[in-house]
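# Architecture at a glance
The residues making up each chain are set out below.
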Amino acid sequence: MHSPASVSDSIATALEQFLDRMRDEAAEYGPDGRRFIESAAATLSGGKRLRARFCHAGWSAVARASERSLIEPEALWRLCAALEVFQAAALVHDDLIDNSDTRRGRPAAHRALEAEHRDAGWSGDAAAFGRSAAVLVGDLLVAWSDDLLEDALRGLPNAPAVRAEYARMRRDVTTGQFLDIAEESAWSVNPLDEHAERALRVISFKSARYSVAQPLRLGAVLAGADAEQLSALDDFGMPLGMAFQLRDDVLGVFGDTALTGKPSGDDLREGKRTVLIAFTRERLTASARVVLDEMLGDDLLDDAQIAALQATVRDSGALDRVETLIGDYARTADRSLIGARLDNAAVGELRELARAATTRVA
C-alpha cells in the first residue's frame, strides 16, 4: 500500500511527464504562447491531491480485494493526473467567477496574468486581459485533462466505462457551478424554507460528486468493479462529499488566512448562499435578515464587518447546525464501509481520507 506521500509523488511524476511534452510542443507558438503554457502549468502546483487520492483509493479497494492487481498501472497515475488538471481548470474558472485575488496563498490565475500584462508594458486594460486570458487557461487545462484521460485509457478494454464516468463528472460539476452562481441571484425570489435545500443541491452537484464520489468510481471502474462494489463506494462517497463541501463552507467564513491561503470571510465578500447562510437566515428576525443580505456580497467589507457577520452566523446557531450535519454525514459514510466487499487496507485508507476531507484547514 502506498503512503499518501508516495501517491502524491507518483501523481506529480505523471503530471511532470505530461507537462514536459506540452513544453516541447510550445516552441512553435512563440514566446507569448510559451508563457501561456507556463501560466497553465503554474496552476498545477500545490494542493492536497484529494481527488486523485480518492481515485487511487477506489482502484485499490477493488483491485486488491480481488487480487486482480497489486501494483498500480501507469494508467491509474495518468487518470489521477487528469483529475488534478481538471480540478485546476475548475479553480481557474471559479476564481474568475468569484473575482478572487488569491489561490493557495498565491495570486489567482487571472491576477497573475494581469500582472504579466502590466509588467510587460503592453497596451490596453491589464485587468481585462487577465480575465480573458484566464478563461483560455482554464479551457486549455480542460483540454489537457482530456489528453491525459485518453493517454490513460489507450488500449484498455474498460476504457468506454471509465470515459462515460469522466464525462458525467464534467457535466455534473459544470452544471453545479452554474447552480452555485444562480443561487447568488435566485435566493431573493425563493421561499426562506427552501434555501437550505437548494444550497444542498448545489453542494451535491458542484462538489460532493466531483470531489469524492466520482473520483472513487473512476478508480474503481478502472479496476473492473462490479455493481455491488460501486454501490458500496457510492454509499461512502456521497455523504462524505457532502461533509467535505460543508467543511469548505465553514472555512470560507471562519478559516484562518495563514492556513487556507484565502482571506478570512472570503465567502461573505463573495455573497455565497451556502447552507451556513441559509441556516443563519432561518433564525434571524426580518430586520436582521435585511442587514445580513445588504452586507453579503460586498467585496469592500472590512475586518470589523466580517467579524460582525461571523458573530451573526455563530450566534444564530448555524455554525453548530452545520458542524452537526458534517458529523452526521461523516458517520453515515464510515458505516457504509462495514462489511463492504473491498480491500481492508484500502478501507483504512478511505477512512484516513475521510478524516482529512472533513477536518482539513486548507
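Bear in mind that the values here come from a model prediction, so they are computed numbers and not experimental data.

Analysis parameters
- Residues numbered from 1 in each chain as written.
- Predicted model: local features only at pLDDT ≥ 70, side-chain atom pairs only at ≥ 80, totals over all residues.
- Heavy atoms only, no water.
- Axes fitted to C-alpha atoms, helices over the stretch in contact; angles between N-to-C directions.
- Helix = DSSP H or I, 4+ residues; strand = E, 2+ residues; numbered from the N terminus.
- Parallel < 35°, antiparallel > 145°, perpendicular 65-115°, else oblique.
- Contact = heavy atoms within 4.5 Å.
- Nonpolar A, V, L, I, M, F, W, Y, C, P; charged D, E, K, R; others polar.
- Phe/Tyr/Trp six-rings, centres within 6.5 Å; stacked < 30°, edge-to-face > 60°.
- Buried < 20%, exposed > 50% of the residue type's maximum accessible area, 1.4 Å probe, protein only.
- Lys NZ or Arg CZ within 6 Å of the ring centre and 35° of its normal.
- Arc of directions from axis to C-beta.

## So, the packing of helix α2 (residues 30-42) against helix α6 (residues 126-153)
- Look at α2 against α6: their axes get within 10 Å of each other, and the N-to-C directions meet at 70°. With respect to α6, the axis of α2 lies roughly perpendicular. Here Phe36, Ile37, Ser39, Ala40 and Ala41 of α2 lie close against α6, whose contacting residues are Ala133, Leu136, Val137, Leu140, Leu141 and Trp144.
- Of the residues in the contact of α2 with α6, the class split is 10 nonpolar, 1 polar and no charged.

## What to know about the packing of aromatic side chains
- According to the stated counting rule, one finds 4 aromatic pairs in the structure shown.
- Measuring from centroid to centroid gives 5.8 Å for Phe18 and Trp144, while their planes differ by 80°, and the two rings are edge-to-face. Taken together, the positions of Phe18 in helix α1 (residues 4-26) and Trp144 in helix α6 put the pair 126 residues apart, joining distant regions of the chain. Here Phe18 and Trp144 have matching classes, each one buried.
- Aromatic pair Phe86 and Tyr210: ring centres 5.7 Å apart, planes at 75°, arrangement edge-to-face. Here Phe86 is found in helix α4 (residues 74-98), whereas its partner Tyr210 is found in helix α8 (residues 195-222), with 124 residues between them in sequence. In terms of burial, Phe86 and Tyr210 fall into one category: buried.
- By the ring-pair criterion, three or more aromatic residues cluster together here, those being Phe86, Tyr166 and Tyr210.
- Stacked on the ring of Trp187, the Lys or Arg Arg273 has its end atom at 3.7 Å from the ring centre.
- Residue placement shows Arg321 over the ring face of Phe279; its charged tip is 3.8 Å from the ring centre.

## Notes on helix α13 (residues 286-295)
- Considered for burial, the residues of α13 that qualify are Arg289, Leu292, Asp293 and Met295. Taken end-on, α13 shows its buried residues confined to a sector of 165°, consistent with a single buried face. Those residues of α13 that are exposed and aimed more than 90 degrees away from the buried face are Ser287 and Glu294.
- On the buried face of α13, the contacting elements are α11 (266-270), α12 (275-283) and α14 (303-315).
- Among the residues trailing α13, Gly297 stands out with phi positive, at a value near 90°.

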